[in-house]
Amino acid sequence: MSVSAFDITPLDLQGAARVQQPRFADGRGSFAVLANHDLFASLGMQTAFLQQNISVSREAGTVRGLHYQAPPAAQAKLVNVVAGRIFDVLVDARPHSSSFGRHCAVTLEAGTSAGVFVPRGFLHGFMTLEPDTTVLYTVDNPYAPALDFSIMWNDPDLGINWPVAPSKVTLSGKDSAAAPWTSVGDTFAADAASTGQETRS
């Protein structure tokens, strides 16, 4: 398999990317490659993945997020949908980034071999658009409960245009009690400097 089979498309937020992953089909079914260390590293993408997680959401309109882990447990993620479809949201929380405070959204669905790369220093969350949706997260730091935080999914300062009305959304207790966007502050200021990320021009 050639790494050229990947199609990496930068998103509007600095360092984030949509990853079209190579998929090979025959009479038996299909085979897909989710990540390639050499290719990702050549593009400056964190690739020392250490843990994989799967979430299953029964209802459409389930929101998980917006989540982040603070340094030194900050996580980069590669997000893929195994079953169903999601509205996937990234928010740049790096104070020195040219896209600080901005968000972007990508629709991901099973069977398309497409994922999203979320750099360290981002908030991440998604809304399910179909019942029984399964999402795979590949992350470069393990879960650290003491450094795990949730930000309001519909914080007005972020202005995210979610596709399902708030009255029809399903949230966990943790996400229902999430903090405002302003609470993130300069959490990722030192982390951005230590990982060599670009600063505002």
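Provided above is the structure to which this section pertains.
Remember, predicted model here, so these are calculated numbers, not experimental data.

Draft legend 1. Structural view of the packing of aromatic side chains. According to the stated counting rule, one finds 7 aromatic pairs in the structure shown. With a centroid separation of 5.4 Å and 25° between ring planes, the pair formed by Tyr 68 and Phe 149 is classed as stacked. In this pair, Tyr 68 sits in strand 6 (residues 63-69) while Phe 149 sits in strand 13 (residues 148-150), placing the two residues 81 residues apart along the sequence. The class for Tyr 68 is buried, based on a relative accessible area of 8%. Classification of Phe 149 by relative accessible area gives partly exposed; the value is 34%.

Draft legend 2. Layout of the sheet that holds strand 11 (residues 122-128). Sheet architecture is open: 5 strands sit in the order 9-8-11-6-13, paired in antiparallel fashion. The open sheet has two edge strands with one neighbour each: strand 9 (103-109) and strand 13. Pairs of neighbouring strands in the sheet enclose a mean axial angle of 25°, with direction left out of account. Across 3 bridges, strand 6 lies against strand 13 in antiparallel orientation. What sits directly across from Gln 69, in strand 13, is Asp 148.

Draft legend 3. Focus on unusual backbone geometry. Across the junction of Gly 65 and Leu 66, the peptide omega takes the value 5°, indicating a cis bond. We note that Ser 113 has phi near 55°; this positive angle belongs to a residue other than glycine. By the secondary structure assignment, Ser 113 is in the loop between strand 9 and strand 10 (114-118). When its relative accessible area of 14% is taken as the criterion, Ser 113 is described as buried.

Draft legend 4. Broad picture of the nonpolar core. Membership of the largest hydrophobic core comes to 20 residues, with the highest contact counts inside it found for Leu 66, Val 91, Leu 123, Ile 160, Trp 162, Trp 181 and Val 184. If you list the elements that add at least two residues to this core, you get strand 6, strand 8 (85-92) and strand 11. Setting aside residues no more than four positions away along its own chain, Trp 162 makes contact with Leu 66, Phe 87, Val 89, Phe 126, Met 127, Trp 153 and Asn 154. Leu 13, Ala 16, Ile 86 and Leu 90 belong to the second largest nonpolar core, which has 17 residues in total.

Draft legend 5. Structural detail: the side chain of Ser 99. Structurally, the position occupied by Ser 99 is in the loop between strand 8 and strand 9. Reaching out from Ser 99, the side chain makes a polar contact with the side chain of Asp 92 at a distance of 2.6 Å. For Ser 99, the contacting residues outside a window of four places in its chain are Asp 12, Leu 13, Gln 14, Asp 92 and Arg 94.

Draft legend 6. A look at the sheet that holds strand 1 (residues 7-10). Read from one edge of the open sheet, 6 strands run 1-2-10-7-12-5, paired in antiparallel fashion. Each having just a single partner strand, strand 1 and strand 5 (51-57) make up the two edges of the open sheet. Along the sheet, successive strands turn relative to each other by an average axial angle of 25°, direction set aside. Sheet analysis places strand 5 next to strand 12 (residues 133-139), joined by 7 bridges and oriented antiparallel. Across the sheet, Gln 52 pairs through a bridge with Thr 138, a residue of strand 12.

Definitions and cut-offs
Residues numbered from 1 in each chain as written. Predicted model: local features only at pLDDT ≥ 70, side-chain atom pairs only at ≥ 80, totals over all residues. Heavy atoms only, no water. Phe/Tyr/Trp six-rings, centres within 6.5 Å; stacked < 30°, edge-to-face > 60°. Helix = DSSP H or I, 4+ residues; strand = E, 2+ residues; numbered from the N terminus. Buried < 20%, exposed > 50% of the residue type's maximum accessible area, 1.4 Å probe, protein only. Pairing = 2+ DSSP bridges. Axes fitted to C-alpha atoms, helices over the stretch in contact; angles between N-to-C directions. Core = buried A, V, L, I, M, F, W, Y, C linked by side-chain atoms within 4.5 Å. Contact = heavy atoms within 4.5 Å. Polar contact = N/O pair within 3.5 Å; in protein donor to acceptor, adjacent residues only side chain to side chain.

Nothing here speaks to function; it is geometry throughout.
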